[in-house]
Number of protein chains: 2
Amino acid sequence: MSRNILFIMCDQLRFDYLGCAGHPSLRTPNIDALAARGVRFDRAYVQSPICGPSRMSFYTGRYVRSHGSSWNNFPLRVGEMTLGDHLAPLNMRTVLCGKTHMAADTEGMARCGIDPASTAGRRIAEGGFEVWDRLDGLHPTGGKTPSHYNDYLRSKGFGGENPWHDWANSAEDEDGNLLSGWLMENTNHPARLPAEHTETAYTTSRAIEFIEQAGGPWCLHLSYIKPHWPYIAPAPYHDMYGPEDVPPPVRSDAERTAPHPVFGAYQDLRFSRAFARDEVRDRVIPAYMGLIAQIDDEIGRLMRWLEAEGHADDTLIVFTSDHGDYLGDHWLGEKELFHDASARVPMILVDPSPAADATRGSVNDALVEAIDLVPTFVEYAGGNPDHPALEGRSLLPLLQGQTPEWRPVAISEYDYSVRKVREVLNQPVQDCRMTMLFDGRWKYIHCEGFRPMLFDLREDPDELRDLGDDPDLADLRAGFHDHLCTWARAPHNRTTISDTSVMARRGGELRKGIFIGYWNETERAEALETGESGN
Amino acid sequence: MSRNILFIMCDQLRFDYLGCAGHPSLRTPNIDALAARGVRFDRAYVQSPICGPSRMSFYTGRYVRSHGSSWNNFPLRVGEMTLGDHLAPLNMRTVLCGKTHMAADTEGMARCGIDPASTAGRRIAEGGFEVWDRLDGLHPTGGKTPSHYNDYLRSKGFGGENPWHDWANSAEDEDGNLLSGWLMENTNHPARLPAEHTETAYTTSRAIEFIEQAGGPWCLHLSYIKPHWPYIAPAPYHDMYGPEDVPPPVRSDAERTAPHPVFGAYQDLRFSRAFARDEVRDRVIPAYMGLIAQIDDEIGRLMRWLEAEGHADDTLIVFTSDHGDYLGDHWLGEKELFHDASARVPMILVDPSPAADATRGSVNDALVEAIDLVPTFVEYAGGNPDHPALEGRSLLPLLQGQTPEWRPVAISEYDYSVRKVREVLNQPVQDCRMTMLFDGRWKYIHCEGFRPMLFDLREDPDELRDLGDDPDLADLRAGFHDHLCTWARAPHNRTTISDTSVMARRGGELRKGIFIGYWNETERAEALETGESGN
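None of the values given here were measured: they were computed from a predicted structure.

Visitor: What is the right way to look at the overall build of chain A in this model?
Guide: Scanning chain A from N- to C-terminus turns up 20 helices and 17 strands. Over its C-alpha trace chain A gives a radius of gyration of 25 Å, about what one expects of a compact globule, namely 24 Å for 535 residues. Referenced to the eigenvectors of the C-alpha coordinate spread, the extents of chain A come out at roughly 100 × 60 × 50 Å. Classification of the 535 residues of chain A by burial places 65% in the buried group. For chain A, the share of sequence-separated contacts (at least 6 apart) that also reach a separation of at least 24 residues comes to 71%.

Visitor: For this particular structure, what's the right way to read the side chain of Asp325(B)?
Guide: Residue and element names in this part refer to chain B. Inspection of the secondary structure puts Asp325 in the loop between β9 (315-321) and α13 (340-343). For the buried Asp325, no salt bridge exists, and the shortest N-O distance to an oppositely charged side chain is 6.4 Å, to Arg14. A distance of 3.1 Å separates the side chain of Asp325 from the backbone nitrogen of Leu327, its partner in a polar contact. With near-sequence residues (within four places) excluded, Asp325 lies in contact with Gln12, Arg14, Tyr231, Tyr288, Glu334, Ala341 and Ser342.

Visitor: Would you mind showing me how to read the relation of the copies chain B and chain A here?
Guide: Two chain copies here: they are related by a rotation about an axis and a translation along the same axis. Between chain B and chain A, which share one sequence, the superposing operator has a rotation angle of 180 degrees and an axial displacement of 0.0 Å; the RMSD is 0.0 Å. Such a combination of rotation and displacement between the chain copies is what one expects of a two-fold axis.

Visitor: Looking at this structure, I do not really get the interface of chain B and chain A. What am I missing?
Guide: Frequently, the measure chosen for interface size is the accessible area removed from exposure when the parts meet. Taken residue by residue, the interface counts 94 residues in chain B and 94 residues in chain A. Three residues stand out in chain B for area buried against chain A, namely Arg270(B), Arg489(B) and Trp519(B), and they jointly supply 12% of the buried area on that side. Residue Glu509(A) pairs with Arg419(B) through a salt bridge whose shortest N-O separation is 3.8 Å. Seen at the junction of chain B and chain A, the total is 45 residue pairs in polar contact (both at pLDDT 80 or more). Ranked by the residues each element gives to the side of chain B that touches chain A, the list is headed by helix α17 (residues 474-489) of chain B, at seven residues. Residues belonging to the side of chain B that touches chain A are distributed by class as follows: 34 nonpolar, 25 polar and 35 charged.

Visitor: Before we go on, may I ask you to explain the sheet that holds strand β16 (residues 442-447) of chain B in this structure?
Guide: Hydrogen bonds along the backbone pair up the strands of a sheet, which may run parallel or antiparallel. All names here are of chain B. Pairing is antiparallel in the open sheet, where four strands are placed in the order β14-β15-β16-β17. Looking at the sheet topology across the chains shown, the edges are occupied by β14 (410-415) and β17 (453-456). On average, each strand axis in the sheet is inclined to that of its neighbour by 15 degrees, with strand direction left out of account. The strands touched by α17 within the sheet are β14, β15 (433-438), β16 and β17, with β16 carrying the most contacts at an inclination of about 65 degrees.

Visitor: Would you mind going over the packing of helix α9 (residues 199-214) of chain A against helix α12 (residues 278-308) of chain A with me for this structure?
Guide: Helix-helix packing is characterised by the crossing angle of the two axes and by the distance between the axes. All names here are of chain A. Their axes nearest at 9 Å, the elements α9 and α12 cross at an angle of 15 degrees. Accordingly, the angle class assigned to the pair α9 and α12 is roughly parallel. α12 is crossed by α9, and the crossing has right-handed handedness. Residues Thr200, Ala201, Thr204, Ser205, Ile208, Ile211 and Glu212 of α9 form the contact with α12, whose own contacting residues are Gln294, Ile295, Glu298, Arg301, Leu302, Trp305 and Leu306.

Visitor: Which parts of the structure should I look at to understand the nonpolar core?
Guide: Core analysis: the biggest nonpolar cluster contains 103 residues, and Leu6(B), Tyr266(B) and Phe319(B) have the highest contact counts within it. Per-element accounting of this core gives the leading share, 15 residues, to helix α12 (residues 278-308) of chain B.

Visitor: In this structure, what is going on with helix α17 (residues 474-489) of chain A? I would like to understand it.
Guide: Note: α-helices contain 3.6 residues per turn, so residues at a spacing of three or four share the same orientation. Here α17(A) spans 22 Å end to end across 16 residues, near enough to the 22 Å set by a 1.5 Å rise per residue. Within the span of α17(A), buried status applies to Arg477(A), Phe480(A), Leu484(A), Cys485(A), Trp487(A), Ala488(A) and Arg489(A).

Visitor: Before we go on, may I ask you to explain the pairing of strand β14 (residues 410-415) of chain A in this structure?
Guide: Look at any regular strand and the pattern is simple: side chains alternate between the two faces of the sheet. Residue and element names in this part refer to chain A. Burial of β14 is extensive: six of the six residues sit out of reach of the surface. Covered by surrounding structure in β14 are Ala410, Ser412 and Tyr414 together with Ile411, Glu413 and Asp415, the residues of both alternating faces. Where β14 and strand β15 (residues 433-438) come together, six bridges link them in antiparallel fashion. Paired with Glu413 across the bridge in β15 is Thr435.

Visitor: Which parts of the structure should I look at to understand α12(B)?
Guide: With 31 residues, α12(B) should reach 45 Å at 1.5 Å per residue; the first-to-last C-alpha distance of 45 Å fits that figure. The buried fraction of α12(B) amounts to 22 of the 31 residues, a majority that puts the element mostly inside the structure.

Visitor: Is there a simple way to explain the packing of aromatic side chains in this structure?
Guide: A ring pair, where both rings are aromatic, is described by two values, the distance of the centres and the angle of the planes. What the rule picks out here adds up to 40 aromatic pairs over all chains. With 6.4 Å between their ring centres and 15 degrees between their planes, Tyr149(B) and Tyr152(B) make a pair best called stacked. Taken together, the residues span about one helical turn, with Tyr149(B) and Tyr152(B) both in helix α7 (residues 149-155) at a distance of three residues. Relative accessible area serves as the criterion here: at 0%, Tyr149(B) is assigned to the buried category. Counting every residue linked through ring pairs, the aromatic cluster contains Tyr17(A), Trp229(A), Tyr231(A), Phe275(A) and Tyr288(A). The ring of Trp331(B) is capped by Arg251(B), whose NZ or CZ atom sits 4.3 Å from the centre of that ring.

Visitor: Mind showing me how you'd approach the packing of helix α1 (residues 29-37) of chain B against α12(B) here?
Guide: Residues and elements named next belong to chain B. Running from N to C, α1 and α12 point in directions that differ by 55 degrees, and their axes come no closer than 7 Å. By the angle between their axes, α1 is oblique relative to α12. On α12, the residues that touch Pro29, Asn30, Ile31, Leu34 and Arg37 of α1 are Asp296, Asp297, Ile299, Gly300, Met303 and Arg304. Tallied by class, the residues present in the contact of α1 with α12 amount to five nonpolar, two polar and four charged.

Visitor: Sorry if this is basic, but what is going on with the pattern of salt bridges here?
Guide: Pairing of side chains with opposite charge becomes possible as their charged atoms draw close. As enumerated under the stated definition, the model contains 96 salt bridges over all chains in all. Here Glu209(B) and Arg206(B) are joined by a salt bridge, their closest N and O atoms 2.9 Å apart. One end of the pair is Glu209(B) and the other is Arg206(B), both in helix α9 (residues 199-214) and three residues apart, which spans about a single turn. Linking Glu448(B) and Arg433(B) is a salt bridge whose minimum nitrogen-to-oxygen distance equals 3.4 Å. Highlighted residues: Glu448(B) in the loop between β16 and β17 and Arg433(B) in strand β15, separated in sequence by 15 residues. Arg433(B) carries the same exposure label as Glu448(B), and that label is buried. Linked through salt bridges whose partners overlap, the residues forming this network are Arg40(A), Asp42(A), Asp340(A), Arg344(A), Lys443(A) and Glu463(A).

Visitor: Could you clarify how one ought to interpret the environment of Ser66(B) in this entry?
Guide: Within the secondary structure, Ser66(B) is located in helix α3 (residues 64-67). Residue classification places Ser66(B) among the buried residues on the basis of a relative accessible area of 0%. C-alpha of Ser66(B) to C-alpha of Leu390(B): the two residues are 324 residues apart in sequence and 10.0 Å apart in space. Beyond its immediate chain neighbours, meaning those up to four positions away, Ser66(B) contacts Asn493(A), Arg77(B), Glu80(B), Glu391(B), His492(B) and Asn493(B).

Rules used throughout
- Residues numbered from 1 in each chain as written.
- Chains lettered and ligands numbered in written order.
- Predicted model: local features only at pLDDT ≥ 70, side-chain atom pairs only at ≥ 80, totals over all residues.
- Heavy atoms only, no water.
- Helix = DSSP H or I, 4+ residues; strand = E, 2+ residues; numbered from the N terminus.
- Rg over C-alpha atoms; globule rule 2.2 N^0.38 Å.
- Buried < 20%, exposed > 50% of the residue type's maximum accessible area, 1.4 Å probe, protein only.
- Contact = heavy atoms within 4.5 Å.
- Lys, Arg positive; Asp, Glu negative; His and termini not counted.
- Salt bridge = Lys/Arg side-chain N within 4 Å of Asp/Glu carboxyl O.
- Polar contact = N/O pair within 3.5 Å; in protein donor to acceptor, adjacent residues only side chain to side chain.
- Least-squares fit on C-alpha atoms with pLDDT ≥ 70 in both.
- Buried area = accessible area lost by both parts, 1.4 Å probe.
- Nonpolar A, V, L, I, M, F, W, Y, C, P; charged D, E, K, R; others polar.
- Pairing = 2+ DSSP bridges.
- Axes fitted to C-alpha atoms, helices over the stretch in contact; angles between N-to-C directions.
- Parallel < 35°, antiparallel > 145°, perpendicular 65-115°, else oblique.
- Left-handed = near helix turned anticlockwise from the far one by under 90°.
- Core = buried A, V, L, I, M, F, W, Y, C linked by side-chain atoms within 4.5 Å.
- Expected span 1.5 Å × (residues − 1).
- Phe/Tyr/Trp six-rings, centres within 6.5 Å; stacked < 30°, edge-to-face > 60°.
- Lys NZ or Arg CZ within 6 Å of the ring centre and 35° of its normal.

Geometric descriptors of this kind do not, in isolation, establish any biological role.
What follows is the structure, given as C-alpha cells:
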C-alpha cells in the first residue's frame, strides 16, 4: 500500500468560516467530517498573511525572512528547497492541481544554466511541483504557466477572450449585460456558469483525474483559488446565504481613534474603506459563504470518491488556507495585518495510521505554523524531517497523541513595501516590515520604525484594544522584542549542513592531515593516537 | 583599453605586518609602493575571521548570516550569487589563480539538475570563478579541484607522493631526514625547495601566464596561500628575520584572570597554548615574516611585469587578506576571535583612473568591510552596484576623494560550532555564534548565550581590557545590542528584486486587471483613469 498525501488549500478562507470552527450560520458538513476523522489545530498561523509569501513558506518549510519572497510575485530564488525537493528522494511525486502564486527566479535559473524546459527546470520554476494543472485565477492561460481551464470552458461552449472572467467570474443582468465579479455590487448574482464548470468543481475533477491514473506514492496539492476574489458564486450557492447570516463585524469605534500608524493607513486603503460599509459586507459575505459551501460540497464529492477507490486508508489529508479575510472586521478588507481574521487559518489533518486513532475528532491548541507541513509530509513519507533547511516541525507526533515540548510562539511576517501604506507613512522600502509573535495569549507585533502593537487575546479575544503603548506592559513587550531579536539572529541560511554533520566535523583536521598548533613529532603522534586535536 | 581587476589576497596576513602599516622591523617595499600609488584603508574588517566564511563573503558580497557558509567547507548553497555572476553580464571574465577554500553544494547542484561538467556547473562549483589554477594548499591535487602545482614540482624533479608537503612545506636535517613544516619546531629551517618553486612564486608565475594570454577585460583573483600554515619559508627568507625582529606579544596577565568564557576556552586550545610560549613565537614569527617578505618580492616582480606590459594604467589593483593571525597576542594562536590581530586586514586599492589621482598615497579610516569589494568591482567594470543581493558598498567614491555618509559600524561574525570550544562550553550547535560590531572606537562582541565582550580602542588600543560587564557601560552595550538586532532583522534574503523594482510595482494590480475593493463601475473607471488603485 502506497502512502499518499492530499494537501488541500483554500485561498483566503478565514479560520472561523467553518461549521466545525463554530461559525453561527455557515454549514460545512464535509470539512467538519474531516475534522471528526482527524485533528483540528485551532491555533494555526501562516508565515505571512498574503498569498505569495505564505505559500512560499508552505512550500519551502521556511520563514519568509529565510526564503526571501516577501510579497506576491517576488521570485523565489533559485536554490531554495521546496516540498518537491524534499519528497523526491523519498520516491514521492509532488504534484500541483490548482493555485500556487509561484513566481520563478528566471534570472537565477539562467545564471545557473538551468534549462526552463528541462525536468529540473520545470520543477524549479513551479515551486517544486510537477504541474498537473495550474490555475492561478486571473489570466489562467497565456500567462506564465499552463492551465487547461480556459480551454475547458471553451470546449463546453463558454467562449470569448477570457472565459475565466466572462463566465466563471461574472454574472449578467436581465438584459444579458455582463456584470463583472470584480465589482462587489454584483456579487449577489450567480456566476454565469453552472456550478459544475466553475473553478472549484473543475479543480476537484482534475484532482480526481490525477489520482485515477497516478499509481503512487504521490503528494497532491489540491489548491482552490476560492473563496478568494472575485467573490462570485454559481447557483445555488449565490443565494444559499443572505445578509441575515452575516455575523456582525468585529470592530469598535475606539479602533478608529488614534490607531497605530500602520493600522490607520490600512484602514484608509480602498478595500478597507469598502468593507467598512455594511452594504458591502451584506452583499459580499453571503457570496463568500456560498463559495465556501461549494468547496465543502466538492470536498464531499472527492472524499466519497477516495473512499470508493480505497484511498481513505492510505492517504494523509490536510485541509488549510493560505490566509484569512478581514471582511470588514477591524474596519479592514483583505488580509495583510495580524488579527486572527487574517493570520490564523483552518488546519485539519487526517492521518490514516492506526497510531493516530487516539486523537481522531480532537482539537489541538498547539501553536502550529504553515512551515510545519513540509516536515510533516517528509516524516509521513518515511524521511527524516531534521533537514537543515527546514524551520518547522513535524505534526505527526501531535497527531499520534504525543505531547512534545512545543514552540513558545508562532511567528508571522509581512512586508507592505508594495502598498500605498509605504507612501503614506513615508517608510524606506527595506523597513516596511512587521513581525507577529503570538504565545497563545499575547499577540505582539513588531513594526519597524514604529511602536509595536500588542493584544491580550485572553482578556480581549476580539483584539480590539491595542496595548502597544500601555506603560504597564513595557516589560512584557521587551520580552517579546528580545524573543524576536533572538529569532532574527538565528542562522536561517546555514542550509547545506546539518547540526549532526557539524558535530561530526570536530577533529576533521587530523583526519585530513592538517596539523595546527603542534610543536614537534611527540605532540603530533599523541594527537594521532588519541584522535584529539585539542582545537 | 580594457579595464581589468587584479584582486590579490593573502591568507592569514595580519593588518600590521606590513611596512606601510608601521611594522617595526618587517620590510615590504613593494606592497608599500602599492599603498603609495593608491589608498590604504586602515580600518578594514573581514566578515568572519576564518578562511572559508570570510572568502565566501569576499566572493558573494554578502554577510555570513546571508550566504550561510559559516565555517570552512560548509558548502556555499547553490543559487548564491558570486563575483563571477555579477561580472559576467559586464563581459568581464572572473578567473582564479590560487586559493579559495570553496566547497561546492553538490547536493544542491544535483537537485537543480546542474551538470558539474557544464560551464555553469564548473563555475558554480568554484564559487563563481573560472579556474586557471586552484591551489588550496594541502592535497593540492587529487582532491576536489584541479591544480598543476604538484605536477609542476614533479616536472622540476621534486617527486614523491605529496611534493607539496615533502618539498614545499618541509625542511630537512643534516642527515637529509624530512622535517615537516607543520611542526613549529622546524620553522627555522629553509623549505627544501628553492624560492622560485614555492607556492608563492609558482602562483605569481601562473598569474603572469594567465594575463599574458588573456586579452581582457578580466578580473583575476591572485590568491596566495601564504603566510598561512605550514609556516615554513624558503631560503633566503627563512632567516631574513630573527627573534630580535619579533615584536613583543600584545597580552596581559589580566586577560587570563576570569576571562570571558569563550575567550577563556580559546586560550586553552592547542594552537593558543603553543603560541603563548615565547619559544614558539620566536621560532615561528620570523618564518611568518619571511613568507611575507617573499610575497612582497613576488608582488614586486609582478608589478614590474605589469608595467612593462602596459597594464599599470588599466588595472584596478586590490591587496588584502582573508583574516589575520594572533601569533600569541592575547594568549591566542590562529584567528577566529575579533581582536584586530584577527579580524582586521590590510586593504590597499590602486585605481588607475585619473579621478583617483587626488587620493594617491593617502590613508582612509572609513569602516571598510570585505563585502565592499564585489560592488567596487561591479562599478569599476561599468555596472550598477545596487544589486539586491549585495550588502556592501562600492569603494570607488572613496578612492575618488568623495566623502559619502558611510556605515556607522563594521560587522563580523564567527561560528565556533566545529571547535572544541563548543564542547567545553556545552553550547548547542546553533548557538555557537558571535557577532562583532565596531564603530571606530568601541568594539562590541555579542556572544549568544553569554555576556558580550566590549573594548574601547581609543583608551585601550591593544584591546586588553574587556569592559563587557562594566556596569557603567550598560547603556552603551544596549545601544550596540539594538544595532545588532536591527541588522539581524533586516531582509538579508530578498535577493531577487530591487528596491526600485518594488516601488514600481505599486499599482501593478490595476495594470494586470486585478480589481480589489471596488463597488461598481464608477469606482473602477475612476481608478483606471487616474492610475491610482487606492491600495
